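So the chains spell out like this:
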Amino acid sequence: MSQEQKSLIVNIADKTFKIKIDVEEESHFLDTLKTVNAKIKEFRASYPGLYLQDYLSMALIWLASEQTKQQQQTQQNIEDQFLRTIQQWTNRLPKK
């Protein structure tokens, strides 16, 4: 089962790349690309005079950190829901 792909020419930190992505991932990819470029611009303003590789590295670390925070929050939400469900079940048990 092959996914329909689309070729894009994208700009990351003033460099142009040609890539292929799955069509259904295009919107998410472009949103992420916009966020990464904004962070690179922010880092350039905050830390002038560094190499492009430095800004790319900072953006990569920031993006990975954000993803990890979201995964941890999702896991915490699942655990909280599980505990609420268990508590609801125990509240329904007959009292002695």
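A brief report on the enclosed structure follows. (Residues numbered from 1 in each chain as written. Predicted model: local features only at pLDDT ≥ 70, side-chain atom pairs only at ≥ 80, totals over all residues. Heavy atoms only, no water.)

**Here we look at unusual backbone geometry**
Part 1 of the reasoning: Positioned with a positive phi, Ala 13 is a non-glycine residue whose angle comes to about 55°.
Part 2 of the reasoning: Tracing the sequence through the fold places Ala 13 in the loop between strand 1 (5–12) and strand 2 (15–22).
Part 3 of the reasoning: The buried category is assigned to Ala 13, whose relative accessible area is 5%.
Part 4 of the reasoning: Phi is positive for Asp 14, close to 65°, though the residue is something other than glycine.
Part 5 of the reasoning: Topologically, Asp 14 is positioned in the loop between strand 1 and strand 2. (Helix = DSSP H or I, 4+ residues; strand = E, 2+ residues; numbered from the N terminus. Buried < 20%, exposed > 50% of the residue type's maximum accessible area, 1.4 Å probe, protein only.)

**Quick notes on helix 1 (residues 26–46)**
Part 1 of the reasoning: Here helix 1 contains 21 residues, and its C-alpha end-to-end distance of 30 Å stays within 8% of the 30 Å for a straight helix at 1.5 Å per residue.
Part 2 of the reasoning: Every buried residue belonging to helix 1 is among Glu 26, Leu 33, Val 36, Lys 39, Ile 40 and Phe 43, and all of these are buried. End-on, the buried residues of helix 1 take up no more than an arc of 150°, which puts them together on one face. Pointing more than 90 degrees away from the buried face of helix 1 are the exposed residues Ser 27, Lys 34, Lys 41 and Ala 45.
Part 3 of the reasoning: In the core, the buried residues of helix 1 are packed alongside strand 1, strand 2 and helix 2 (52–92). (Expected span 1.5 Å × (residues − 1). Arc of directions from axis to C-beta. Contact = heavy atoms within 4.5 Å.)

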